[in-house]
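Listed below, chain by chain, are the residues.
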Amino acid sequence: MYLYIKALHIIFIVTWFSGMFYIVRLFVYNAEANEKAEPERTILLKQYGIMIKRLWLGITWPSAILTLIFGPYMWYQLGALPGWLLVKLFFVLGLYIYHFTLHAIYKQQSKGIFKYNSRQLRIWNEIATIFLVAIVMLAVVKDSMSWLWAIIGLILFVVLLMSAIRIYKMLREKN
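Let me begin by describing the structure that accompanies this report. (Residues numbered from 1 in each chain as written. Predicted model: local features only at pLDDT ≥ 70, side-chain atom pairs only at ≥ 80, totals over all residues. Heavy atoms only, no water.)

Put simply, the largest pocket is a space of about 820 Å³. Lining the largest pocket are 29 residues, with His 9, Ile 13, Met 74, Lys 88 and Ala 139 sitting closest to its centre. Counting only elements with at least two residues in the lining of the largest pocket, the list comes to α1 (2–33), α2 (40–78), α3 (83–110) and α5 (127–141). Taken together, the residues of the lining of the largest pocket sort by class into 23 nonpolar, three polar and three charged. If you add up the space inside the second largest pocket, you get close to 370 Å³. Arg 119, Arg 122, Ile 123, Ile 165 and Lys 169 are, among the 13 residues lining the second largest pocket, the residues nearest its centre. Mapped onto the lining of the second largest pocket, the elements with two or more residues apiece are α4 (118–125) and α6 (147–174). Its residues assigned to classes, the lining of the second largest pocket comprises four nonpolar, one polar and eight charged. (1 Å grid on protein atoms, 1.4 Å probe; cavity = no way out; pocket = protein on both sides within 12 Å on 5 of 7 lines; lining within 4 Å. Points joined across faces, edges and corners; volume = space filled by probe spheres on them. Helix = DSSP H or I, 4+ residues; strand = E, 2+ residues; numbered from the N terminus. Nonpolar A, V, L, I, M, F, W, Y, C, P; charged D, E, K, R; others polar.)

The subject of this paragraph is the packing of aromatic side chains. Enumeration over the complete set of coordinates arrives at twelve aromatic pairs. Geometrically, the ring pair formed by Phe 91 and Phe 131 is edge-to-face, given 6.5 Å between the ring centres and 75° between the ring planes. Taken as a pair, Phe 91 in helix α3 and Phe 131 in helix α5 lie far apart in primary sequence, 40 residues in all. One aromatic cluster is present, built from ring pairs that chain together Phe 90, Phe 91, Tyr 98, Trp 124 and Phe 131. Across the ring face of Trp 84, the terminal group of Lys 142 is positioned such that the distance to the ring centre comes to 4.9 Å. (Phe/Tyr/Trp six-rings, centres within 6.5 Å; stacked < 30°, edge-to-face > 60°. Lys NZ or Arg CZ within 6 Å of the ring centre and 35° of its normal.)

Interaxial distance between α1 and α2 falls to 7 Å at its minimum, and their mutual angle equals 155°. Here α1 lies roughly antiparallel to α2, going by the angle between them. Two packed elements cross with a definite hand, and for α1 against α2 that hand is left-handed. Classifying every residue of the contact of α1 with α2 by side-chain character gives 26 nonpolar, nine polar and two charged. (Axes fitted to C-alpha atoms, helices over the stretch in contact; angles between N-to-C directions. Parallel < 35°, antiparallel > 145°, perpendicular 65-115°, else oblique. Left-handed = near helix turned anticlockwise from the far one by under 90°.)

Here we take up the side chain of Thr 67. Tracing the chain through its elements places Thr 67 in helix α2. When its relative accessible area of 7% is taken as the criterion, Thr 67 is described as buried. Not counting residues within four places of it along the chain, the set of residues in contact with Thr 67 comprises His 9, Phe 12, Ile 13, Trp 16, Pro 72 and Tyr 96. (Buried < 20%, exposed > 50% of the residue type's maximum accessible area, 1.4 Å probe, protein only. Contact = heavy atoms within 4.5 Å.)

Let's shift gears to the nonpolar core. If you look at the biggest cluster of nonpolar residues, it comprises 29 residues, and the most contacted ones within it are Ile 23, Phe 27, Leu 95, Tyr 98 and Leu 102. Elements that contribute at least two residues to this core include exactly α1, α2, α3 and α5. Apart from residues no more than four positions distant in its own chain, Phe 27 is found in contact with Ile 52, Leu 102, Ile 105, Tyr 106, Gln 109 and Leu 121. (Core = buried A, V, L, I, M, F, W, Y, C linked by side-chain atoms within 4.5 Å.)

Before going further, it helps to examine the side chain of Asn 125. With respect to the secondary-structure elements, Asn 125 resides in helix α4. When its relative accessible area of 7% is taken as the criterion, Asn 125 is described as buried.

Bringing the packing of α3 against α4 into the picture now. Relative orientation of the contacting elements α3 and α4 amounts to 155°, with a least axis distance of 12 Å. With respect to their mutual orientation, α3 and α4 come out roughly antiparallel. The crossing of α3 and α4 is left-handed. Along the contact surface, α3 presents Tyr 98, Thr 101, Leu 102, Ile 105 and Gln 109, while α4 presents Leu 121, Trp 124 and Asn 125.

See below:
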């Protein structure tokens, strides 16, 4: 039974992350559509609104809830709280906080409130990538991970990711 629960947990983690990655892209497109002239603005906002609502409420939220249901069952099966799992749970808590910030943006954009521009949202989109890397590394490498190298690696990954965003922005503006 444990392996079936583990498989379901992984499946819902994947669909949850997929939803979080795509929802922010839709937020970006929605924010950009809000800056268009009529009638294009109204048409795009309506279409993106439908897509955002279906993705957020039909895929992302259910996946987050099912991940939260199957995860503790696997923890229970371990019968202990190893150090790597405690750190992983810290990142998972951060991921749920990130999820709730996306929900706040969802509610704002649903009401026609655009607090963040497309550039800010593009950067915000990469936060999920940082959580993904940290959580997967902890789940796979577990106790054999050097904490010092893990922290250095995560910092370097963040620097590389932010540099890539900056380079992409420069290339986009050049074209």
